[in-house]
Amino acid sequence: MNKSLLASALLLALLAGCANERVILLPSADGRQSAVVVRTGGDELLLDKPYAANERRIGLNIPYQSNAAEVQERYAATLAAQPMRPSSYTLYFMTGSNQLTPASEAEFARIKSEIAQRAASEARVIGHTDRVGSAEANDRLSKVRAERVRDLLVSEGVAADKLEAVGRGEREPLVPTADEVDEARNRRVEIAIR
Amino acid sequence: MIHLNRLPLAVLLGALVGANALAGEQVGMVKTVRGQVSIERGSERMPAIVGVPLQQNDRVRTGDNASVGVTLRDNTLLSAGPRSLIVIDKFAYDSTTNVGAMSVGIRRGTLAVATGKIAKATPESVDFHTPTSVLGVRGTEFVVEVDGGSDE
């Protein structure tokens, strides 16, 4: 970095109120690879290992390796406030009917109690179809399936304003198939609780 | 996959963000509160309590020893520690297609993030920003701190 660049970086830092900043990448809950890209002016810094960190001080980036102990020390209160993780259930229907399978009947009871127990719970009911029929027809059908499950939850005492029913048609199959294939495992309704 | 779809997604996003700029649309909900937390909406200021919905452009401010947790509609989890100011600058999400865009600012304090469905489907349409930097994400959990940032 030449002198004039350094001078303008320092000036920028002053203009920004001399804020010191820190970013720490946390291990992802599902164990998958993840990353944060920190962009400052023209600089780009990639944090792509658990606890990879950047401290920004008087306009300069200082990358370093943080750890669980530092995160705990600095951010315990912040992380303790994190809402409960969303959860997701999938219900299946008996062939050619709107009757849930026995396994899904049991799951339905768990879903009800989880919605009741979470603080300020909300749930999205997402209908899916197999690939028989047109994409447009499947969008409608998946919505109808979702609305049916939503109505079932409402009739069992779940407040309607907590629930949203959407249809995702055939675009998110559980089992990928060619078009027009009859696949029971794709005729499902997912309930995402948050 | 995402690369192949980028062009139509960009077109959809444009339409979606336009449609969702309407005032009053719910973008998330307060799920945890500790101590004094307020939501500022235009010139209004209201206490944040569990179950209060949030809208685009809301500012969430925590007091000393206070903290707040928010779940956005795409399952993004946000939580802020004491003396923080967080702004939801933009949030648009179509729950049918998982297409959306979001931009969240931290003016000061601490923010923990676990990204949701939008970041999974189109990470390029999600950003978090501090007074000096923009953070792009790839299916991510992280903490960010701004010490001595702006009060506004």
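Each remark here, short or long, concerns the structure printed above.
Residues numbered from 1 in each chain as written. Chains lettered and ligands numbered in written order. Predicted model: local features only at pLDDT ≥ 70, side-chain atom pairs only at ≥ 80, totals over all residues.

Take the overall build of chain A next. The secondary structure content of chain A amounts to four helices and nine strands. Taken along its principal axes, the extent of the C-alpha atoms in chain A is 75 × 40 × 30 Å. Counting across all 194 residues of chain A, residues that qualify as buried make up 32%. Within chain A, contacts between residues separated by at least 24 positions form 60% of all contacts whose residues are at least 6 apart in sequence. (Helix = DSSP H or I, 4+ residues; strand = E, 2+ residues; numbered from the N terminus. Buried ≥ 20, exposed ≤ 12 C-beta atoms within 10 Å, placed from the backbone. Contact = placed C-beta atoms within 7 Å.)

This part is about the environment of Pro50(A). All names here are of chain A. Looking at where proline 50 falls in the secondary structure, it is placed in the loop between strand 3 (43-47) and strand 4 (52-57). A C-alpha to C-alpha distance of 30 Å links proline 50 and leucine 6, two positions 44 residues apart in sequence. Once residues within four sequence positions are removed from consideration, proline 50 is found in contact with Leu25, Leu26 and Pro27.

Residues and elements named next belong to chain A. If you trace the four strands from one edge of the open sheet to the other, you get 6-9-7-8, paired in mixed fashion. In the strand order of this sheet, the two ends are held by strand 6 (87-92) and strand 8 (163-167), each with one partner. For this sheet, the mean inter-axis angle between neighbouring strands, taken without regard to orientation, is 20°. When strand 7 (residues 123-127) meets strand 9 (residues 188-193), the two strands line up antiparallel, connected through five bridges. Among the inter-strand pairings, alanine 123 is bridged to a residue of strand 9, identified as isoleucine 193. Along the sheet face, helix 3 (residues 102-117) touches strand 6, strand 7 and strand 9 and points at about 150° away from the line of strand 6. Taken strand by strand, helix 4 (residues 135-155) contacts strand 6, strand 7, strand 8 and strand 9, and its axis lies near 160° from that of strand 8. (Pairing = 2+ DSSP bridges. Axes fitted to C-alpha atoms, helices over the stretch in contact; angles between N-to-C directions.)

We now examine the interface of chain A and chain B. A common way to express how large an interface is: the accessible area buried when the components associate. Tallying the contact residues gives 42 residues for chain A and 44 residues for chain B. Contributing elements (two or more residues each) for the side of chain A that touches chain B: strand 1 (20-26), strand 2 (35-40), helix 2 (68-80) and strand 8 of chain A. When grouped by side-chain class, the residues that make up the side of chain A that touches chain B number 23 nonpolar, eight polar and eleven charged. As defined by bridge partners, strand 1 of chain A adjoins strand 12 (residues 141-147) of chain B across seven bridges and the pair is classed as antiparallel. Paired with Leu25(A) across the bridge in strand 12 of chain B is Phe142(B). (Nonpolar A, V, L, I, M, F, W, Y, C, P; charged D, E, K, R; others polar.)

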